Structures are given as structure tokens and as C-alpha cells.
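Structural characterization, general
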Amino acid sequence: MSEPRVVTLSEVHAHIRPRGSAEFLQKDFSNVTKLADTIVWDPAVDGILWGESRQDQSGDHGGERHLDADEVLYLISGAFRLSLELDGGRTEIPVKAGEAVIVPQGVWHRLLIDVPCHYLYFGGGRTEIRGPF
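Definitions and cut-offs
- Residues numbered from 1 in each chain as written.
- Predicted model: local features only at pLDDT ≥ 70, side-chain atom pairs only at ≥ 80, totals over all residues.
- Heavy atoms only, no water.
- Helix = DSSP H or I, 4+ residues; strand = E, 2+ residues; numbered from the N terminus.
- Contact = heavy atoms within 4.5 Å.
- Core = buried A, V, L, I, M, F, W, Y, C linked by side-chain atoms within 4.5 Å.
- Buried < 20%, exposed > 50% of the residue type's maximum accessible area, 1.4 Å probe, protein only.
- Pairing = 2+ DSSP bridges.

1. Digging into the environment of Phe29
Residue placement: Phe29 occurs in the loop between strand E2 (23–26) and strand E3 (32–34). Along the sequence, Phe29 and Phe122 sit 93 residues apart, while their C-alpha atoms lie 17 Å from each other. Residues within four places of Phe29 in sequence aside, it is in contact with His13 and Trp41.

What follows is the structure in C-alpha cells.
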């Protein structure tokens with residue numbers, strides 16, 4: 001067994017495998033495939049990738065979707081609306097500090113920031129992101 005490692009969570013992703021050791025991975029968004037009007041980021045993980053994020057304003061992309069698994073968002077502080085594209089329409093779900101929401105696999109979504117946020121995210125696998133970039 002290796003010595004436990006202490007990290008600053010905002011600087012890494014945590015990778016929990018279904019079997020075997022967990023590990024910390026440097027945040028690396030270089031493994032990207034460009035498609036027509038989207039990119040696909042592949043963190044090349046087998047299991048759950050999770051981490052921490054802070055967001056002061058809504059993202060400047062056209063939305064994202066997770067291709068391999070659901071995503072869980074847990075809001076530590078702040079407030080956002082989770083904008084989802086469902087059945088050709090959009091719906092917004094308000095989320096406040098202390099609440100969690102599950103984003104279903106394959107559903108296009110964006111966070112619309114109402115109050116600067118600090119949150120944890122838990123998911124797995126590839127993420128497709130729509131431009132503009």
C-alpha cells in the first residue's frame with residue numbers, strides 16, 4: 001500500500017476505479033477530439049471522475065453532455081439553475097447550497113450561475129461540449 005497523498009482538490013481530479021486503487025489525476029483537458037461543432041474531452045478513466053469547481057458566471061459554451069454516465073452535482077455554496085434540453089425543449093432547475101442534482105447521461109445541459117458557486121461534480125467518461133470555443 002502506498003503512502004496517502006494530500007492534494008488541493010481544485011488542482012486535480014479524483015479517479016475512483018470500480019476495482020483497484022483510487023488516484024489523483026492532474027486536470028488535463030488536452031485529450032480532445034474535434035467534431036463538426038463540438039469537441040469531445042476523454043479523460044480516459046474507468047470508473048468515477050470527480051472534483052471541485054468554482055464558477056462566478058455562466059459558461060460561454062453552448063452546453064455539454066456526458067456520454068458514458070450520469071453526473072452528480074453537489075452545491076456547497078452559491079446558487080445556479082441547471083438548464084436541461086429535454087424532448088426538444090428547455091427546462092431550468094434551481095439549485096441552492098446544500099442541494100444535489102443528477103444530470104442524466106446524454107442530456108445537454110449548462111449551469112446558469114445566479115450567485116457565484118462552489119460545487120463538487122461526480123461523473124465518468126467522455127464529455128461532449130458545444131461551441132462557441
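2. As for the nonpolar core
Formed by 14 residues in total, the largest nonpolar core has its most connected members in Leu73, Leu75, Phe80, Leu82, Leu111, Cys117 and Tyr119. Counting only elements with at least two residues in this core, the list comes to strand E7 (71–86), strand E9 (100–103) and strand E10 (109–123). Other than its neighbours up to four places away in sequence, Leu73 contacts Phe80, Leu82, Glu99, Ala100, Val101, Val103, Leu111, Tyr119, Leu120 and Tyr121.

3. Observations concerning the environment of Gln57
If you trace the backbone, Gln57 turns up in the loop between strand E5 (48–55) and strand E6 (64–66). For the pair Gln57 and Arg17, spaced 40 residues apart in sequence, the C-alpha separation works out to 32 Å.

4. Some points on the pairing of E10
As paired strands, E5 and E10 are joined by seven bridges and run antiparallel to one another. Looking at E10, one finds that Gln55 is bridged to Cys117. In this structure, E7 lies alongside E10, joined through eleven bridges in antiparallel fashion. Residue Ser77 lies in a different strand from E10, and its bridge partner there is His118.

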